[in-house]
Structure formats: C-alpha cells, structure tokens
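Residue strings, one per chain:
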Amino acid sequence: MSKYNVIPVSVDDYRLKAKKRLPNFLFDYIEGGANAEETLGLNTAEFRNFKLKQFVMRDVSKVDTSTTMLGEKCSMPLALAPIGMAGLFARRGEVQAAKAANKVDVPFTLSTVGVCSVEEVYNATHKPFWFQLYMLRDRDFVLEMLDRAQKNGCTTLIFTVDLPLPGLRLRDYRNGMLGGGLKGKISQAAQLATRPWWLYDIGIKGKPHTLGNLMHKVNSANDLDKYKAFVESQFDPSATWDDIAWLRKHWHGNILIKGIMEPDDARATINAGANGIVVSNHGGRQLDGTSSTISKLPAIAKAVGGQAEIYLDGGIRNGIDVVKAVALGAKGVLIGRPWVYAMAAQGEDGVNKLLTLFHHEIAAAMGLMGVNHIDEITSDLIDY
Ligand SMILES: Cc1cc2nc3c(=O)[nH]c(=O)nc-3n(C[C@H](O)[C@H](O)[C@H](O)COP(=O)(O)O)c2cc1C
C-alpha cells in the first residue's frame, strides 16, 4: 500500500496526506521553519529527552482526561493554536477547525491573519473561541478588532509577542512564494497545475481569500509578498510590556502571552497583568538557533508556576508529548501543524479524528502511568 493511502492514525499519516493534496509552496509554508530549521527539529526531537515512569496496580478504572484551561472546561489539556491563512489549506478552514474543536470540547484559536473573520467563525459555530492578536501600529484598529472579537464570543486573547518582524523562512523564497517576482509566479503556477483538486475546492470554491479580520488593510491572503509587506509596515516592533497593561484595559477576558522562552520574560509578563503564558518559539518559525520549548519549560515553571497558567506549544505530535508537557508544569498545550495537516487531508472530519486520537493517547498514557486525573500528572512521573 502506498504510504499516502494508509488509514491515518498519527500526525505523520495526516502530514503525508496533506502533502499529496496541497501545492508544494503551501505545504512547505506549513511545514517549514526559519533559516536552517534547527529549532524546528529540536522542538519535536527533545520530547525524547524526557522519559515517563510506568506504575502498575493502582486501579486506573476511572481515567478522566478532562480539565480546565483558564477556567473553561475542556475534554483534555489541549487547544488548537492560531494558524495564519488556514483558509488556504481547506475550504473556509478556520470554520471547519472551529467546528471540529467544538465537537471534542477543546478551544479553537483564530489568528489575526485568518482567512475567516471573527464574525464568520462565530456565525458558523455560535460557541466561544479564543482570538490571537498581533500588535499593529494602528492602535485604533487594534481596538476595533478587540471589540469585534469580544462581540463575537471570544473569551481569551492570545497576544503573540515573538513576531516583531517576520522570521526568515527560506522555503518560501525557494518556492517562489516570496520575493520571486514574475519567475516566482510562474513557479507557483506550475506547482498549482499539479493540484487540480486544490484549485477547484479551495482556489475557486473557497473564496474569498482575504484576511477576514483585517478587511481593508490587506486584501489578498494568497499573495505572500503583499502579506509580508503588510507585516513589515503594520506589525509594531516597538511594542513593550506597557502594551500588555494597555490591552488589559481593553480586553475583559483572559490574556495569554504567547512566545515566552525565558524565565525573566515570564515574570515580566505576569507583572504586566497577564493571566498566563504560552512557552513558544512560534513552531521554530522565528528565531532559529533558539532552544526547544520543552527544554525551557521546567525553568519557566519554576519561575512562575502557581502565579499564572503555563501553556506550551512546539513539537507536540501525540498524546504522550501532551502528558510530558503537563508533567513538566504546563496546564495544557497548543498544537499547530498537526491540526493543519489533518484539516488539509480530511477537513473538519480529519481534525475531529486527530483530536480523538490525541484523547485516546492521553488516556492510555495516564492509565499506564497509574493516574486517573490530569492534576495527578506531576514531575514525579518524569524519570530524570
Ligand atoms: C502555517 C503556520 C501559521 C502560523 N500562524 C500563526 C499566527 O497567525 N499567529 C500565531 O500566533 N502563531 C502562528 N503560528 C505558530 C503556531 O501558533 C504555533 O506556535 C506553532 O505552530 C506550534 O508548533 P507546532 O506546529 O510544532 O505545533 C503559525 C504556525 C504555522 C505552522
């Protein structure tokens, strides 16, 4: 059987299916990281540095993966991370993913640069979700976005702070997605010609491809040059901790700061009034050469554990990784590429099945470690 035709039971199975469906430049846009992609590789590999302890004979007949994240009940300690332009990977992708997350009872996060707007997601789901913000120079427009998000059911604001400027993702240049001019456009057209299904299902039926939350600010999601020009002209590199205090005044729900990698920054975040942090290096897409997120988690948990909720993303590829992150001090995790692969492969149904798989893996690992509840997963279960 071809490796593309298997019944998907892992993130990598969905990844291969996504590769078959998407034009190369879009697949690489998801898959890739910054520069030499060292950090990208470390994020997944370094989960293996932590081993779990197997305990037996402890009555694990009542394993329960449910928990709360920022006061919200969830079926497991996992949320969908914000992914820009997800509507290019499946037709109205953000809506499909939000529906799948709702079915399984985990939070979905909509990116500032999603194809679908907060209004479109809310009108399709009528359920609360999380909204991710990049700080823009135009603060009045930021206020307008926050207002729209709050009016459309967003409970938690994830403020991403690790993108004051775009990371150098070489695959996007190599594939003609960035900076290639006419030659790049011809290369993209050639790649598109090999994926007629994408052209019909998403290229035509999935329109409009505008960035819904930014409306008039930047009008095309599938022209990465325009998007990059927007990032460079509008993303505000002068943002500081004071902006968190400013956000606090205007956002009535929880605020999570995403992109924290150092204990000092974690402390500063809490002092600035956030409810929690996401230990994240943007999935290895920003500063290459930085450490993996899982290797940083213990020190950050030591610095701010108990004062704020700590989340982690980067490299989570199965339920066992989730359990390791929780044991090392995370209240929960976010997954990025895994849900995009599943969605590109099989739409809402794919994301739903992937989340069910994570759920089973977490439950199985808990039972085999001898615990019934998420709050029993502590560092005592890590075999140092
Ligand atoms: C294709 C792609 C687009 C992303 N877009 C955003 C975004 O718009 N906002 C954001 O805060 N993070 C964004 N991220 C980072 C993710 O939210 C998350 O931090 C990262 O994917 C986690 O690593 P993982 O992919 O290994 O799970 C993006 C990541 C990918 C792969």
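About the cut-offs
Residues numbered from 1 in each chain as written. Predicted model: local features only at pLDDT ≥ 70, side-chain atom pairs only at ≥ 80, totals over all residues. Heavy atoms only, no water. UniProt positions renumbered as here; feature names shortened; annotations may be inferred. Helix = DSSP H or I, 4+ residues; strand = E, 2+ residues; numbered from the N terminus. Rg over C-alpha atoms; globule rule 2.2 N^0.38 Å. Buried < 20%, exposed > 50% of the residue type's maximum accessible area, 1.4 Å probe, protein only. Contact = heavy atoms within 4.5 Å. Pairing = 2+ DSSP bridges. Right-handed = clockwise from strand over helix to strand, strands pointing away. Expected span 1.5 Å × (residues − 1). Bend = angle between axes of the 7 residues up to and from the residue. Phe/Tyr/Trp six-rings, centres within 6.5 Å; stacked < 30°, edge-to-face > 60°. Lys NZ or Arg CZ within 6 Å of the ring centre and 35° of its normal. Near = heavy atom within 4 Å. Polar contact = N/O pair within 3.5 Å; in protein donor to acceptor, adjacent residues only side chain to side chain. 1 Å grid on protein atoms, 1.4 Å probe; cavity = no way out; pocket = protein on both sides within 12 Å on 5 of 7 lines; lining within 4 Å. Sits in = over half its atoms within 2 Å of the grid points. Nonpolar A, V, L, I, M, F, W, Y, C, P; charged D, E, K, R; others polar.

For the chain, the name recorded in an unreviewed UniProt entry is L-lactate dehydrogenase, with Colwellia maritima as its organism. Database annotation for the chain, UniProt heading Sequence similarities (unreviewed entry): "Belongs to the FMN-dependent alpha-hydroxy acid dehydrogenase family."

Asks: For this particular structure, what's the right way to read the overall build of the chain?
Replies: In terms of helices and strands, the chain carries 15 helices and 10 strands. Taken over C-alpha atoms, the radius of gyration comes to 20 Å for the chain, in line with the 21 Å a tight globule of 384 residues would show. Its C-alpha atoms give the chain principal-axis dimensions of about 65 × 55 × 40 Å. By the burial criterion, 58% of the 384 residues in the chain qualify as buried. In the chain, 72% of the contacts between residues at least 6 apart in sequence involve partners at least 24 apart.

Asks: Explain the pairing of strand 10 (residues 332-335) to me, please; I cannot follow it from the model alone.
Replies: The two faces of a sheet get side chains in turn, since along a regular strand they alternate between them. Residue alternation in strand 10 divides its side chains into two sets, Gly332 and Leu334 and Val333 and Ile335, and both sets are buried. Of the pairings in the sheet, the one linking strand 3 (residues 78-80) to strand 10 comprises three bridges and is parallel in character. Considered in strand 10, the bridge of Leu80 is made with Ile335. Sheet topology note: the strand 9 (residues 309-313)/strand 10 ladder contains three bridges and is parallel. Counted as the bridge partner of Asp313 is Leu334 from strand 10. Since strand 9 and strand 10 lie parallel, the crossover through helix 14 (residues 319-327) that links them has a hand, and here it is right-handed.

Asks: Help me understand helix 15 (residues 337-369) in this model?
Replies: Helical periodicity: at 3.6 residues per turn, an α-helix aligns residues three or four positions apart in one direction. With 33 residues, helix 15 extends only 27 Å from end C-alpha to end C-alpha; this falls clearly short of the ideal 48 Å at 1.5 Å per step. The largest bend along helix 15 measures about 140° and falls at Gln346. Two residues or fewer after helix 15 comes Gly370, characterised by a positive phi angle close to 85°.

Asks: Please explain the packing of aromatic side chains as it appears in this structure.
Replies: Think of a pair of aromatic rings as described by two things: how far the centres are apart, and how the planes are tilted against each other in angle. Within this structure, the stated rule accounts for five aromatic pairs. Plain terms: the ring middles of Tyr134 and Phe235 are 4.6 Å apart, the flat faces sit at 35° to each other, and that makes the pair tilted. In this pair, Tyr134 is assigned in the loop between strand 5 (129-133) and helix 6 (139-151) and Phe235 in the loop between helix 10 (224-234) and helix 11 (242-250), connecting sequence segments 101 residues apart. Overall, the relative accessible area of 8% leaves Tyr134 in the buried class. Residue classification places Phe235 among the buried residues on the basis of a relative accessible area of 2%. Ring-pair connections join several aromatic residues into one group, and the members of that group are Phe108, Phe129 and Trp339. A cation sits over an aromatic face here: Arg139 above Trp246, 5.8 Å from the ring centre.

Asks: Which parts of the structure should I look at to understand the site of the ligand?
Replies: Of all residues adjacent to the ligand, which total 24 residues, the nearest are Pro82, Ser111, Tyr134, Thr160 and Asp313. Within the side chain of Ser111, one N or O atom sits 2.7 Å away from an oxygen atom of the ligand. In the environment of the ligand, an oxygen atom lies 2.9 Å from a nitrogen or oxygen atom belonging to the backbone of Gly315. A molecule is said to occupy a pocket when more than half its atoms come within 2 Å of that pocket's grid points, and by this definition the ligand occupies the largest cavity. Going through the elements one at a time, helix 2 (24-31) and helix 15 are the ones with two or more residues in the shell around the ligand. Broken down by class, the residue content of the shell around the ligand amounts to nine nonpolar, 10 polar and five charged.

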